Amino acid sequence: MSGQAGKSELMNQNHQQASLKGQMAFQRVCAWSGVICVTLFFGAFVLAGFVPPLSPSLDAGEVSAHYLSHTTGIRVGMGLMLISSAFYAMFTAVMSGQMRRIPGLSPTVVYTQLAAGAFACVTFLLPAIFFIVASFRPERSPELVQLMNDLAWIMMVIPWMPFMAQNFSFAFAILSDPRTPPLFPRWVGFLNIWAPISFSPAILLPFFKTGPFAWSGLFVIWIPAFIFIFWFAAITRMLMKAIDREERET
Amino acid sequence: MNPRSLERWCVWSGVAAITCFTFGFVFAGFIPPPSPSWSIERVVAYYQQHATGIRAGMVLMMISGMFVPPLVALISVQMRRIPGAHPILVYAQLSAGTLGAVFFITGALVFIVAAYRPDRPADITYMLNDMGWIVTVIPWSPAFMQNVIIGAAILTDKSAQPVFPRWLAYFNFWVAIGFLPGGLLPFFKAGPFAWSGAFVFWLAGSVFIAWFIVMTVMLLGAIRRQERESAAT
């Protein structure tokens with residue numbers, strides 16, 4: 001009798017361990033989604049011939065010529081950008097999942113991060129759709145192609161607002177962790193404060209067609225893009241470490 | 001930080017959202033709004049004269065979107081305290097509120113594009129003006145569902161010391177109904193159901209602002225009661 005009970009307990013333990021492995025694997029996929037998301041996002045730029053970005057000072061004829069010569073690249077690239085938004089949703093979810101493990105953290109912070117991250121997914125989808133519409137009939141009148149190009153670039157570059165709500169709540173969670181060592185190192189908290197601040201000069205872009213504050217300029221695209229890439233890489237790495245720690249602790 | 005003071009910051013985030021949103025409209029010169037019956041020439045002239053104000057105002061309106069998620073998160077967290085409120089209501093409020101936040105920035109984006117090059121062919125500016133107004137005014141559906149869910153959660157609260165007073169449920173239902181006339185705007189270019197009309201702009205705009213004010217006061221009250229309860233135990 002006791003042997004049989006011991007056997008079923010062992011099977012139960014094996015089952016629990018397998019299930020734990022599955023849970024951890026799901027979280028790791030979500031963490032890797034960050035790197036996948038940013039690769040697809042910037043891969044879209046390369047395929048579309050948008051590195052360096054089209055300047056807002058180009059006239060309608062020049063914009064139209066770019067769409068006529070890069071039609072296929074833009075369509076394929078923007079398909080990738082659409083896909084990147086799904087990975088961002090998974091990445092947001094694992095951030096909230098790991099934030100929940102910080103003791104004493106209010107659920108308000110976890111929910112803010114989740115809501116703002118879901119909101120941010122839309123900002124990956126909408127510009128891609130505008131770029132697709134622009135390249136769908138590149139033979140439209142050049143003024144219309146220029147209009148779609150303006151809509152797409154401005155939508156892609158300007159909306160740092162959901163990222164700020166998301167990153168600030170993540171920073172708050174990291175910095176309020178009372179333990180030593182904390183779940184995430186403190187510098188990741190500061191990264192989440194400085195990254196969205198570095199995106200914020202984009203609010204000036206409606207006033208400029210050239211220079212560092214135009215949508216193709218240093219402060220609006222180049223610096224934010226590099227910080228965005230670094231942020232994704234750093235957060236993915238730190239989430240992987242946090243998931244490893246969760247596996248050790250359970 | 002004390003969880004209650006964090007929650008108070010989230011309430012003030014809602015106040016920041018509605019303030020930036022309203023002032024965005026004021027700076028853009030959109031109060032009163034241009035009527036859909038305006039001629040092409042008048043619309044183009046309007047964007048040419050107000051280009052800077054529209055750019056600045058609509059940037060402010062986009063910023064307002066940033067302040068929405070903390071408020072939505074807080075409403076879900078307070079809803080969780082209602083005994084018997086199903087978690088489905090808590091999550092549905094969170095996702096409907098998130099969807100609603102998107103419309104704080106999409107309409108503003110279209111207005112920014114219109115004001116970015118006001119010297120475009122007149123037809124294009126005219127089209128962007130239509131698109132900006134319709135995108136800003138018409139999306140009543142996420143807000144409608146969000147308010148109905150908040151109301152439903154409040155009505156399930158049968159405790160002696162409810163988290164929110166029952167009238168707040170009916171207030172949320174009425175606000176939801178106040179947004180509905182927006183659905184009729186595609187059929188009108190003048191009158192009360194046009195995007196600049198009494199039901200679509202003025203009524204919906206007023207209930208929108210009233211909702212933020214009333215929810216601010218009620219959430220602060222709920223946080224205060226929660227503080228007293230935890231002090232008593």
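Since this is a predicted model, take the numbers as computed values, not measurements.

**Digging into the environment of arginine 140 of chain A**
All names here are of chain A.
Reasoning step 1: In this fold, arginine 140 is placed in the loop between α4 (107-136) and α5 (142-157).
Reasoning step 2: Separated by 35 residues in the primary sequence, arginine 140 and leucine 175 have C-alpha atoms spaced 52 Å apart.
Reasoning step 3: Ignoring any residue separated from it by four or fewer positions in sequence, one finds arginine 140 in contact with Val133 and Val145.
Reasoning step 4: A distance of 3.2 Å separates a polar atom in the side chain of arginine 140 from the backbone oxygen of valine 133.

**Regarding the interface of chain A and chain B**
Reasoning step 1: Across the boundary between the two partners, chain A contributes 38 residues, which contact 40 residues of chain B.
Reasoning step 2: Looking only at chain A, the three residues that lose the most surface to chain B are Thr108, Tyr111 and Phe119 of chain A, adding up to 21% of its buried area.
Reasoning step 3: On the surface where chain A and chain B come into contact, there are 7 residue pairs in polar contact (both at pLDDT 80 or more).
Reasoning step 4: Breaking the side of chain A that touches chain B down by element, the ones donating at least two residues are α4, α5 and α6 (161-175) of chain A.

**Considerations on the pattern of salt bridges**
Reasoning step 1: Summed over all chains, the structure comprises 11 salt bridges over all chains.
Reasoning step 2: Aspartate 177 of chain A is the partner of arginine 179 of chain A in a salt bridge, and the nearest nitrogen-oxygen pair spans 3.1 Å.

**Some words on the packing of aromatic side chains**
Reasoning step 1: Under the criterion given, the structure shown has 53 aromatic pairs over all chains.
Reasoning step 2: Seen from their ring centres, tyrosine 111 of chain A and tyrosine 91 of chain B are 6.3 Å apart, and the 65° between their planes marks the pair as edge-to-face. Pair noted here: tyrosine 111 of chain A is in helix α4 and tyrosine 91 of chain B is in helix α5 (residues 87-116), and the two residues belong to different chains.
Reasoning step 3: For tyrosine 91 of chain B, a relative accessible area of 47% translates into the label partly exposed.
Reasoning step 4: When the ring centre of tyrosine 116 of chain B is taken as reference, the NZ or CZ atom of lysine 209 of chain A above it lies at 4.2 Å.
Reasoning step 5: Between arginine 42 of chain B and the ring centre of tryptophan 38 of chain B, over which it is positioned, the NZ or CZ distance is 3.9 Å.

Rules used throughout
- Each chain has its residues counted from 1, running along the sequence as written.
- By the order in which they are written, chains take letters starting at A while ligands take numbers starting at 1.
- With the structure being a predicted model, the display of local features is reserved for residues of pLDDT at least 70 and the display and counting of side-chain atom pairs for 80 or more, all residues being used for whole-chain, interface and lining totals.
- Values reported for side chains reflect all heavy atoms of the structure, with hydrogen atoms and water molecules removed beforehand.
- Helix numbers and strand numbers start at the N terminus; a helix is a DSSP run of H or I with at least 4 residues, a strand a run of E with at least 2.
- The contact rule is simple, with two residues in contact once any of their heavy atoms fall within 4.5 Å.
- Any N or O atom pair separated by 3.5 Å or less is treated as a polar contact, with the protein-specific requirement of one donor-capable and one acceptor-capable atom, and with residues adjacent in sequence counted only for side-chain atom pairs.
- What counts as buried area is the accessible surface, traced by a 1.4 Å probe, that two parts surrender upon association, with contributions from both included.
- Put simply, a salt bridge is a Lys or Arg side-chain nitrogen that is within 4 Å of an Asp or Glu carboxyl oxygen.
- Whether two aromatic rings pair depends on their centres lying within 6.5 Å, for rings of Phe, Tyr and Trp, where Trp uses its six-membered ring; planes under 30 degrees apart make the pair stacked, over 60 edge-to-face, and the rest tilted.
- We call a residue buried when its accessible area falls under 20% of the maximum for its residue type, exposed when it is over 50%, and partly exposed in between, using a 1.4 Å probe and counting protein chains only.
- A ring is scored as having a charge over it whenever the NZ atom of a lysine or the CZ atom of an arginine sits within 6 Å of its centre and within 35 degrees of its normal.

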